[in-house]
Structure formats: C-alpha cells, structure tokens
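# Coordinate analysis (summary)
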Amino acid sequence: MARNEKEESIHIGFKEAITLIIPYFRKKLWEQTKSVVWVVSYLVLFQLIVLRIPIKEAGIISFGIFAVIMGLTFFMEGLYLGIMPLGETIGLRLPQKVNLLTIMVFCLFVGIVATLAEPAISVLKQSGSAVNPWDAPLLFHLLNEGADVLFFSIAVGVGFSIVFGIIRIIYGISLSKFLIPSLIFLILITIYAFNNDNLRLISGLAWDSGVVATGSLTVPLIVALGLGVSKASRTSDTTTGFGVVTLASLFPILSVFVVGLYFAPKLPEPMSKEKFFSSGITIEQSKLLFGEKNPETLFANNEKEHNSQLSIHNKLVKIMEGILESFSGSLQAIIPLAGCLILFLYMILRESLPFTDELYLGILFVFLGLAIFNFGIFFGLSKLGSQVGNKLPSSFRSIELTDSIREIRNFNPKIVFTATDENGNTEDFFYLKDKKSFSQIPFRDKNYDSQSEIYSYVPIHGPLFGKEDNLLGYFIALLFAFLLGYSATLAEPALSALANSVEEVTVGTVKKTVLIQAVGIGVGLGTLLGILKIFLEIPLLYILLPSYIFLVFLTLLSKPEFIDIAWDSAGVTTGPITVPLIIVLGLGIGNQLNTVDGFGILSSAAIFPVLTVLVMGLWMERSRKQSLTNIETEEK
C-alpha cells in the first residue's frame, strides 16, 4: 500500500535483526508451503494409490517443489514490499500529474514489460516440444520458432487492455460496455477460426493465453494501478478499480488470433507424418517451422533423447543449466519492469520513492523469487503434472508407459510364440522372467534391433477400473479434475487477496469465504469440462459459445459491482500454481491420447468462476430484496 507519511528510523543490531527476521520468514514460508503442499500431495497420492504407478525422478521433483515454495515466498514478499507500492503510488499520481496521452503510453509500456516478466508465460515456452509440426503446423510454429512473436503479441494485448481499463476507470464507464462487444468479437473470430484447420488448432492456445497473461506479477500490478487511479478519479466509485484484470485476459486472445491469421497462409495444412517428411513442405515453410535446423535430424535426436535415461553427471549438468537459465531470465524480466516504474516516478511524475530501502529490497526479492520459482516449475511441478496427465487415461484405457521403457539384452527371437483368438487373429508374445515371477509380453517387430540384439519393452498399464473406455474410469478421472481445480484455486494467494479487497470494498456484503467457495467450485467445474474436452476431442468452440452466451445474459441481469468482481475473479484464479499444473496436465493427457490440441482447459476453468460468482450475486440481490419486502410487510 502507498504510504504518505514518514516514520522515524530505528537502528537495531545484526543479532536483533536476525531474531526478528527468522520468525517472520518462517511464517511466510509456512504460508506458501500450505498453498502448495495440499495440491502436490493430492497429485502424488492420486498417482500412487489410484493409478498405482510410482513417481519417476522423485528426488529431482521434490527438490523442484521445494524451490517453488522458496521462490513463491520471496516473490510474494517482494511484490508487497516493492512492486505493489510502486504501482499504487504511480496509479494515485497519474491522473493528477500527466495528461491522458502520457497515461495511455505508460500503461501500454507497463503492460508489455510486466507480461514478458510474468512467471506463467515461461510455461508456454516448455509446451512447444509437446506439439508435432505435421499435426498442427501453426501451433508448432507459435510455440517454437515463433515463440517470441507469440509472447510479444500477448504482451501487447495486455498493454492495450490496461490502457482501456484505466480510461474506463477515469471516465467511470461501465465494464459491460467494453466487455460485451469484446466477447462478441472474440466469439466471431473463434467461429471463423473453426473453419480453418490451422487456426482451429490455435483456438485453445489463444483463449488460454488470456488466462496465462494474468498471473502473479501482472495481476497485483494491474490491480494496484487500477485501485490507485480509482482513488484519484472523481468520476468513479471504488468498485470500478476492479475490471482491468478482466480486460487483460480478453485482449491477448485477440492478439494471438491476429498473429495466427498472419502466419496461417505461410504455413502448410496439417498432414500425416509420412507426407510431411516426403517433401510435404516447402523450404520457406521449413524455415518458419525449424529455422536453419534439419527437421529429420532434429526429431531423430529428440526421440533418442526422450527415450534415453540420463546419467547422474548429465542430470547435474542439466540442473546447473536450468539454474543459470532461470536467473538469467529473471534478470531480463525484472530489471526492465522495475527500471521503467522507478524512472517514470522520478522523471515524469517528479515524485520521490516512498520507503526506498523497503522498495529496493522488495525488487531484489522479486528477482530472487522469480528465478527460484521458474527453476522449481521446470524441475518440480511441470514434471509431476506431466506424469499424472500422461497416466490419467489409464483409469479407463490401456496406455504405454513410455517413460518406463526396459531394454532386454541378448534377446533371441526364437523364444517368441504366436497366439490366436477365436476369429483367427494372431499376435506374437514371449515370456519375461522378472525376479521370481513370469509374465507374458506382446512382441513388436519395431522394438527389436537385430544388430544390437536389444528388445525395447514398453510396459502397458490399465484400464484400471474395467474394460476399455469404461464409464467408472471416466468418472474417476473427471472427479480428479474437479478436485484438482477446486483445491488448487483455494491455494491461490491472489484469490485470498481479491476476496479481502471485495469484502472491504462492499463493507461485508460479499463475504470472503462465500466468494472463495463460489470461485473454487467454478474452477473445479471448468477444469472438469476442459479435461472432458480433451478426452472426447470436443472442439473448444462448442464449450465457449454456449457458456459465453449464458454469461452475457447473466451479465446484463447483474449489478455493475458484481460484474466487475465476477469477471476479475476469473483472472485471479489461475495463478502460479494452477497455470503450470493445468497446462502440463492437459498436454500430458493429449499426448497419451494422441489428441493434437491439449490446450483449452485454462480458458474453460476461467469461464465457470464468472458464472458461479454472477449467480451468487443474483442470489444475494434476490435475498436482499426479499428481506426488504419482509420488513415492509411486518411494518404494515
């Protein structure tokens, strides 16, 4: 919070400082541990007990999750000490010190820089390897060679959304006047994209990008700016400080579609792998997809690396590279953002920094936290989420455990037998001795290398709860999805912060616990529907169109303060824990089921909390009117 009064300096010794800091740090560390441990425990226990598969690389994953907790502790403390006070101070001074054009340029620039520094955006960078270029050329391009263009377009979208959001607050314009036309326009573009093979496959990415862009760094900064401008503006009430986050989650969708429309004619249509590698693409298209790399060599190496087990030395090298990359990325993200805010405060607004020591310490914490957090995401949460996502379909279908490949040396093809079924279909198999037990293993020609005499055995797992595609297995997988979305949302620190603000601004009319529960149930339902979309390969449009039509209808019926709160709730629910988990979970399920587009869960998870909060608002309004009617009746 911005502070306008000076406090006297208190000098304390090193020992006393340590005595004060350790309990405080322990308390903050425990707060972040509580937000992560339940979700992680849920995933681990589900894989061990329900899916009955051990956790691979458990040591590295544990180390990564510890890094996530440490990173979040530093990052969140740094936000409260440094970035948020800076944002609110600037927001308070903006309408008083500069003209509208300067405000617009500043908001655009801050939106771009803050989004590029957003921790969640780095998760998209890791998802590029999960897409095959022959299945979805445009999607592959945007997540690999064209990733920088994609991220910049998302950042520009957030920048323009902050511009419109701040203008809305200054002039007291209702959120619905921006919201409804934007939604109608986005739905029309999605319908257009549905009829193009390449564009249809980036629809999930586009809608998910809007959610990813509103993460743990962008949201507090946007909210602080919005509330600061709202307090300084004479034409708005306090609740109009909300709503900027909503626009920040819509405009990036448009910018991703615009980039897609530009590149789609330059790239090939989806095709088979055989056709793709047999001169199915031109030299120009190959450069767009792979740069100067040879696609055949690239994919041969990737497959070899994927199937090979890394030695301890190589694992340590990879971890060290990950640490250096995380610190380098954090430095590149935080320095431009903090530098931009401080320079603007000094040079344009001509204001001095409030509580300079705290502020610089906060920026240092944000830098350290972001670096440690990114490392932890890559080696901890992403690996765990990907494992569970890959194994989840085993509840209703038999799957290959490609990360558990075993090599049988000195394999003799003479031990292979042939079995037949009642229709005369034959299948080869052999017996494998494992310790004191014997098991029958299907034989595949492609897995046997006659030169090295090695047979690569891929274990088959599932279906766990009946025959192939049994309903009980689907039910358990969807129940898992609901509980994951619900529990991960309750752990999000941004939701708690928003609920506190809402309870304060509405003078207790909207209770914090009621809002949190409404949002949690909404995210749970949205996650369930998003995973069902991947299971059944439902086009994203079939989920978005009816949902948003219903939301527009509810928005028109709702009061303005509930509209702002409901739509901002969707923006803050998908934070640093939920986004990485849900994205890698969706991609893991998609890979296992050979579904091309594993995106779309986040956008689905962001719709339903708006719906549940709007319904909650209508119900509260109806109860309030009923109470007033009862009082009037009693008085008569």
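Residues numbered from 1 in each chain as written. Predicted model: local features only at pLDDT ≥ 70, side-chain atom pairs only at ≥ 80, totals over all residues. Heavy atoms only, no water.

Looking now at a nonpolar patch on the surface. Where nonpolar side chains cluster on the molecular surface, the patch consists of Leu343, Tyr346, Met347, Ile348 and Tyr360 and spans about 510 Å² of accessible area. Here the element with the most residues in the nonpolar patch is helix α15 (residues 312–348); it accounts for 4 residues. Along the polypeptide, Tyr346 turns up in helix α15. (Patch = residues over 30% accessible without salt bridge, like charges linked within 9 Å, V, L, I, M, F, W, Y side chains within 5 Å. Areas by Shrake-Rupley, 256 points an atom, 1.4 Å probe, with all protein chains shown as cover. Salt bridge = Lys/Arg side-chain N within 4 Å of Asp/Glu carboxyl O. Helix = DSSP H or I, 4+ residues; strand = E, 2+ residues; numbered from the N terminus.)

Here strand β2 (residues 406–408) pairs with strand β7 (residues 454–457) via 3 bridges, running antiparallel. In the sheet register, Ile408 faces β7, and the bridge partner there is Tyr455. Of the strand pairs in this sheet, strand β6 (residues 448–449) and β7 are connected by 2 bridges, and their pairing is antiparallel. Paired with Asp449 across the two strands is Ile454, which belongs to β7. Connecting the antiparallel pair β6 and β7 is a turn made up of 4 residues, with Glu453 showing a positive phi of about 55°. (Pairing = 2+ DSSP bridges.)

Here we take up empty space enclosed by the protein. For the structure on display, the rule yields 2 cavities of 30 Å³ or more. Estimated volume of the second largest cavity: approximately 40 Å³. Ala130, Val131, Leu587, Gly590, Asn591, Thr595, Val596 and Gly598 are the residues that line the second largest cavity. When the residues that make up the lining of the second largest cavity are grouped by side-chain class, the tally is 4 nonpolar, 4 polar and no charged. (1 Å grid on protein atoms, 1.4 Å probe; cavity = no way out; pocket = protein on both sides within 12 Å on 5 of 7 lines; lining within 4 Å. Points joined across faces, edges and corners; volume = space filled by probe spheres on them. Nonpolar A, V, L, I, M, F, W, Y, C, P; charged D, E, K, R; others polar.)

Below, the discussion takes up the packing of helix α20 (residues 540–557) against helix α23 (residues 601–635). It is the contact of α20 with α23, at a shortest axis distance of 10 Å, that shows an interaxial angle of 25°. By the angle between their directions, the pair α20 and α23 is classed as roughly parallel. Pair α20 / α23 crosses with left-handed handedness. Here α20 contributes Leu540, Ile543, Leu544, Ser547, Tyr548, Phe550, Leu551, Leu554, Thr555 and Leu557 to the contact with α23, which in turn contributes Ser603, Ser604, Ile607, Phe608, Val610, Leu611, Leu614, Val615 and Leu618. Of the residues assigned to the contact of α20 with α23, the class counts are 15 nonpolar, 4 polar and no charged. (Axes fitted to C-alpha atoms, helices over the stretch in contact; angles between N-to-C directions. Parallel < 35°, antiparallel > 145°, perpendicular 65-115°, else oblique. Left-handed = near helix turned anticlockwise from the far one by under 90°. Contact = heavy atoms within 4.5 Å.)

Taken as a whole and assessed by the stated rule, the structure comprises 30 aromatic pairs. Ring geometry for Phe164 versus Phe251: centroids 5.4 Å apart, planes at 50°, classification tilted. Placement of Phe164 in helix α6 (residues 147–171) and of Phe251 in helix α11 (residues 244–263) is noted, with a sequence separation of 87 residues between them. Among the aromatic residues, ring-to-ring pairing joins Phe411, Phe430, Phe443, Tyr448 and Tyr455 into one connected group. Positioned above the aromatic ring of Phe194 is the side chain of Arg200, whose terminal nitrogen or guanidinium carbon lies 5.9 Å from the ring centre. (Phe/Tyr/Trp six-rings, centres within 6.5 Å; stacked < 30°, edge-to-face > 60°. Lys NZ or Arg CZ within 6 Å of the ring centre and 35° of its normal.)

On to the packing of helix α1 (residues 14–50) against helix α2 (residues 58–97). Contact geometry of α1 with α2 gives a least axis separation of 9 Å together with a crossing angle of 130°. By the criterion of interaxial angle, the relationship of α1 to α2 is oblique. The interaxial crossing formed by α1 with α2 has right-handed handedness. Between α1 and α2, the residues in contact are Tyr24, Phe25, Lys28, Leu29, Gln32, Thr33, Val36 and Val40 and Ile65, Val68, Ile69, Met70, Leu72, Thr73, Phe74, Met76 and Glu77, respectively. A breakdown of the residues in the contact of α1 with α2 according to their chemical character gives 12 nonpolar, 3 polar and 2 charged.

This paragraph deals with the nonpolar core. In this structure, Ile90, Phe535 and Trp567 are the most contacted members of the largest nonpolar core, which totals 168 residues. Every residue in contact with Phe535, bar those within four places of it in the chain, is listed here: Leu392, Phe396, Tyr474, Ala477, Leu478, Ile589 and Leu593. In terms of nonpolar packing, the next biggest core, distinct from the first, is built from 10 residues, Leu432, Ile441, Tyr448 and Tyr457 among them. (Core = buried A, V, L, I, M, F, W, Y, C linked by side-chain atoms within 4.5 Å. Buried < 20%, exposed > 50% of the residue type's maximum accessible area, 1.4 Å probe, protein only.)

This paragraph deals with the pattern of salt bridges. Scanning the entire structure with this criterion turns up 7 salt bridges. Its salt-bridge partner being Glu31, residue Lys28 comes within 4.0 Å of it at the nearest N-O pair. Placement of both Lys28 and Glu31 in helix α1 is noted, with a separation of 3 residues, approximately one turn of the helix. By relative accessible area, Glu31 is classed as partly exposed at 33%. In this structure, Arg397 and Asp469 form a salt bridge, with 2.7 Å as the shortest nitrogen-oxygen distance. Note that Arg397 is positioned in the loop between α16 (356–391) and β1 (399–400) and Asp469 in the loop between β8 (460–461) and α17 (471–490), a separation of 72 residues in sequence. A residue is classified by how much of its surface remains accessible, and Arg397, at 25% relative accessible area, is partly exposed. According to the relative accessible area criterion, Asp469 is partly exposed, its value standing at 38%.

This next bit is on the environment of Gly226. Relative to the helices and strands, Gly226 resides in helix α10 (residues 218–232). Its relative accessible area of 0% is what places Gly226 among the buried residues.

All right, on to unusual backbone geometry then. One non-glycine residue, Arg52, lies in the positive phi region at around 60°. Summarising the element assignment, Arg52 is placed in the loop between α1 and α2. Even without a glycine there, the phi angle at Glu57 is positive, about 50°.

Within the open sheet, the 3 strands sit side by side as β3-β4-β5. Their pairing is antiparallel. Every interior strand has two partners, whereas the edge strands, β3 (417–420) and β5 (437–442), have only one. Adjacent strand axes in the sheet meet at a mean angle of 40° when their direction is disregarded. Of the strand pairs in this sheet, β3 and strand β4 (residues 426–434) are connected by 4 bridges, and their pairing is antiparallel.

Let's shift gears to the sheet that holds β7. Read from one edge to the other, the open sheet built from 3 strands follows the order β2-β7-β6, with strand pairing classed as antiparallel. Looking at strand neighbours, the two that pair on one side only are β2 and β6, the edges of this open sheet.

Positionally, Gln387 belongs in helix α16. With relative accessibility at 7%, the residue Gln387 sits in the buried group. Those residues in contact with Gln387 that sit more than four places away from it in its chain are Gln47, Pro54, Ile55, Lys56 and Ile61.

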